[in-house]
Amino acid sequence: MGPFSISFRSNNSKLKDIRLAIFLGLSGLVFIYLFSLILFLILAALTGEIIHTNTSVMLLGSLGLGLGLFTLSFLYLYLTKTPLTFIDLHFPTKSDIFYVFSGLGVLFLAIFSAAIIFSYIGAETATHSIESVATSNPKTLLYFIPISLLLIGPSEELLYRNIIQKLLYNSFSPKISIIISSIIF
């Protein structure tokens, strides 16, 4: 009977951690929506009109995404009394910088190769809404690039990799935690 109750508690703990991870992931969507809505309302109040252009909607949505996920992450850390030292943050080493630029090089090479192959076989690629906005007004990239680098990427990494993934380490191996947090993402 002892091993059964230990196994039961272990499974209950795993289920609790998965539920909390899913809750945080879904809360991220709610926070993104709320922050985007707040930004739209603020801009509408300041300009006296409702903004409905693709560029404005995408920019405010991107800002809402970054601000919403950062807020949720720090709210979670505050409510669970988790110190900021929990966050894996350090200055990049030469090795880190090498991996970043090597990875970017490989990524660009793969994209370039895929584009050549697609054009050779006549396959059409899907377009992203940012592509159409950037084509019509290239100056918008001056807004999207810093928002992506300074808000979106770090806020997603903070919530999904630093908080949710580490939460799952309590009950699962690192590989399984990475898979579950990626699915939640």
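Residues numbered from 1 in each chain as written. Predicted model: local features only at pLDDT ≥ 70, side-chain atom pairs only at ≥ 80, totals over all residues. Heavy atoms only, no water.

A. Structural view of the pattern of salt bridges. By the definition in use, this model includes one salt bridge. Across the salt bridge formed by Asp88 and Lys166, the nearest N and O atoms sit 3.0 Å from each other. Residue Asp88 is found in the loop between α2 (54-79) and α3 (94-121), and its partner Lys166 is found in helix α5 (residues 141-168); the two are separated by 78 residues along the sequence. Since its relative accessible area comes to 17%, Lys166 is described here as buried. (Salt bridge = Lys/Arg side-chain N within 4 Å of Asp/Glu carboxyl O. Helix = DSSP H or I, 4+ residues; strand = E, 2+ residues; numbered from the N terminus. Buried < 20%, exposed > 50% of the residue type's maximum accessible area, 1.4 Å probe, protein only.)

B. Fine view of the confidence of the model for the chain. Per-residue confidence for the chain gives a mean pLDDT of 85, with 94% of residues at or over 70. Contacts for the low-pLDDT stretch residues 1-9, under 50 throughout, to residues beyond four places or in other chains number zero contacts. (pLDDT = per-residue confidence, 0-100. Contact = heavy atoms within 4.5 Å.)

C. Inspection of the side chain of Ser27 at higher detail. Of note, Ser27 is situated in helix α1 (residues 2-47). Judged by its relative accessible area of 11%, Ser27 is buried. At a separation of 2.7 Å, a polar atom in the side chain of Ser27 contacts the main-chain carbonyl oxygen of Phe23. (Polar contact = N/O pair within 3.5 Å; in protein donor to acceptor, adjacent residues only side chain to side chain.)

D. Structural context of the packing of aromatic side chains. For the structure on display, the rule yields three aromatic pairs. Judged by centre distance (6.3 Å) and plane angle (20°), the rings of Phe70 and Phe74 are stacked. Taken as a pair, Phe70 and Phe74 lie in helix α2 at a separation of four residues, close to a single helical turn. Note on Tyr160 and Phe185: the rings are 5.0 Å apart at their centroids and 80° apart in plane angle, and the pair reads as edge-to-face. A residue pair is termed long-range when its members are at least 10 positions apart, and Tyr160 in helix α5 and Phe185 in the segment after α6 (174-184) qualify at 25 residues. Residue Phe185 is classed as exposed on the basis of its relative accessible area, which comes to 52%. For Lys166, the ring lying beneath its charged end belongs to Phe86, and the centroid distance is 4.2 Å. (Phe/Tyr/Trp six-rings, centres within 6.5 Å; stacked < 30°, edge-to-face > 60°. Lys NZ or Arg CZ within 6 Å of the ring centre and 35° of its normal.)

E. Broad picture of α2. Across its 26 residues, α2 extends 36 Å between first and last C-alpha, which sits within 8% of the 38 Å expected from 1.5 Å per residue. Taken from the residues just after α2, Lys81 is the one with a positive phi, measuring 55°. (Expected span 1.5 Å × (residues − 1).)

F. Expanded view of the packing of α2 against helix α4 (residues 129-136). The geometry of α2 relative to α4 is characterised by a closest axis approach of 10 Å and an angle of 125° between their N-to-C directions. In terms of orientation, α2 lies oblique with respect to α4. The handedness of the crossing between α2 and α4 comes out as left-handed. Residues Asn54, Thr55 and Met58 of α2 form the contact with α4, whose participating residues are Ser129, Ile130 and Val133. Tallied by class, residues from the contact of α2 with α4 come to three nonpolar, three polar and no charged. (Axes fitted to C-alpha atoms, helices over the stretch in contact; angles between N-to-C directions. Parallel < 35°, antiparallel > 145°, perpendicular 65-115°, else oblique. Left-handed = near helix turned anticlockwise from the far one by under 90°. Nonpolar A, V, L, I, M, F, W, Y, C, P; charged D, E, K, R; others polar.)

G. Examining a nonpolar patch on the surface more closely. Taken together, the side chains of Val30, Tyr33, Leu34, Leu37, Ile38, Leu41, Ile42 and Leu46 make up a nonpolar region of the molecular surface, amounting to roughly 800 Å² of accessible area. Following the sequence through the fold, Leu41 ends up in helix α1. (Patch = residues over 30% accessible without salt bridge, like charges linked within 9 Å, V, L, I, M, F, W, Y side chains within 5 Å. Areas by Shrake-Rupley, 256 points an atom, 1.4 Å probe, with all protein chains shown as cover.)

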